[in-house]
Amino acid sequence: MVNLEWYRTFKSVYKNGNFSIAAKELFISQPAVSQQISMLEAHVGYKLFNRKSKGVEPTEYAKLLNNLIIDALDRLENVESGFRAKAHDSVRLISVGVSKDLFNSCGSILISKFDFIDFTFADDDALFALVDAKKLDFAITTKRFDTFDTIYEIVGKIKLIMVAPIQLDATDFRQKLKSDNFVAIEQWLNEQKWYSHDARISHIKIFWLHAFSKKRPSMVPNYIIPSESEMLELLSRNSGVAITWNCNARKYIKENKLQLLWNSFHVPEEYVYLLTSKNNISSSFFESIAKELKLFLGNRL
């Protein structure tokens, strides 16, 4: 029966011409090297090495054996090292930064595909700083950072939309939208209960700016719930409206918990970027994460 460790030891001794150096290279004892060579010699039936004052020299049989096995052994070791790298990646804890706004959707996708992730919540600038300092492996941002020490890839587009519970009768609102009566539209919206995930109502302000060309909404949020996913869940069970990213609302709309109230063509889409530092030891994950995000963010409402 072929013992691959014998041949691995033979290769090291043949290359180094010394049992002691081979032992250090293989992380085994010198007696273990001598024993394995002796067992290989017994197996093939020929003496493979002659001892010298400093080390050993291969016999003609050893030269022949080396020519016969070296290519196959190199290929096998390459396969082994590649497999070990993949196995190591499969159990390595990777760190991913993302905003709280995007965690519910993008985070859920990554959790369904990868076994070990340490998430960090922060805004885009803080996430970039952490990646740049190599304190985070990856960051998902809506802001582009193009520097010498980092690389990025566009993984999709997202857009702010307006949603409401499925039980809300929006017939009157939709008629106002069809007639482009923006004064009446805004008035109707001001009469609704408003949900926001942020006291600064940043999503609402951006939506208002593009949809109504106004910097400040005239409405006041009724409920401020600092988790966008919790905000949408509570909205689905109550009465009111909210502005959210389309990727976050998709699940609730598909489950018939929320309805798409307004997808204004005046509101622009935003790119989503996957960011990492150059020479990241977890770079093998970059393409995998980018692929999963592209598949998810590429599905529109």
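Every value quoted in this text rests on a predicted model; they were computed, and no experiment measured them.

**Student:** What's the story with the packing of helix 8 (residues 182-190) against helix 9 (residues 202-212) in this structure? I'm lost.
**Tutor:** At a minimum axis separation of 12 Å, helix 8 and helix 9 run at an interaxial angle of 160°. Classified by the interaxial angle, the pair formed by helix 8 and helix 9 is roughly antiparallel. Along the contact surface, helix 8 presents Phe182, Ile185, Glu186, Leu189 and Asn190, while helix 9 presents Trp208, Ala211 and Phe212.

**Student:** I would appreciate a short explanation of the sheet that holds strand 11 (residues 258-262) in the present structure.
**Tutor:** In any sheet, the strands associate via hydrogen bonds between backbone groups, in a parallel or an antiparallel arrangement. Sheet architecture is open: five strands sit in the order 9-8-10-7-11, paired in mixed fashion. Both outer strands of the open sheet, strand 9 (223-224) and strand 11, are each paired with one neighbouring strand and no more. The pairing of strand 7 (residues 160-165) with strand 11 spans four bridges and is antiparallel. Of the residues in strand 11, the one forming a bridge with Val163 is Leu260. Against the sheet, helix 10 (residues 228-236) makes contact with strand 7, strand 8 (194-196), strand 10 (241-245) and strand 11, and its axis sits at roughly 145° relative to strand 10, the strand it touches most.

**Student:** Looking at this structure, I do not really get the sheet that holds strand 5 (residues 138-141). What am I missing?
**Tutor:** Taken together, the five strands give an open sheet; going across it, the order is 4-3-5-12-6, and neighbouring strands pair in mixed fashion. Across the chains shown, the open sheet's two edge strands, defined by having one partner strand only, are strand 4 (117-121) and strand 6 (150-158). With strand direction ignored, the average angle separating the axes of adjacent strands in the sheet is 20°. Contacts from helix 6 (residues 124-132) reach strand 3 (94-98), strand 4, strand 5, strand 6 and strand 12 (270-277), with the element oriented near 160° to strand 5.

**Student:** Explanation requested: the packing of aromatic side chains in the structure shown.
**Tutor:** Here the distance between the centres and the angle between the planes together describe a pair of aromatic rings. In total, this model carries 19 aromatic pairs according to the counting rule given. Ring plane angle 35° and centroid distance 4.7 Å describe the contact between Phe173 and Trp188, whose orientation is recorded as tilted. Taken together, the residues Phe173 in helix 7 (residues 171-178) and Trp188 in helix 8 connect sequence positions 15 residues apart. For Phe173, a relative accessible area of 0% corresponds to the buried category. Three or more aromatic residues joined by ring pairs make a cluster, and in this case those are Phe173, Phe182, Trp188, Trp194, Phe207, Trp208, Phe212 and Trp262. Sitting above the plane of the Phe296 ring, Arg250 keeps its charged end 4.5 Å from the centroid.

Criteria and cut-off values
Residues numbered from 1 in each chain as written. Predicted model: local features only at pLDDT ≥ 70, side-chain atom pairs only at ≥ 80, totals over all residues. Heavy atoms only, no water. Axes fitted to C-alpha atoms, helices over the stretch in contact; angles between N-to-C directions. Helix = DSSP H or I, 4+ residues; strand = E, 2+ residues; numbered from the N terminus. Parallel < 35°, antiparallel > 145°, perpendicular 65-115°, else oblique. Contact = heavy atoms within 4.5 Å. Pairing = 2+ DSSP bridges. Phe/Tyr/Trp six-rings, centres within 6.5 Å; stacked < 30°, edge-to-face > 60°. Buried < 20%, exposed > 50% of the residue type's maximum accessible area, 1.4 Å probe, protein only. Lys NZ or Arg CZ within 6 Å of the ring centre and 35° of its normal.

Read these as geometric descriptors, not functional statements.
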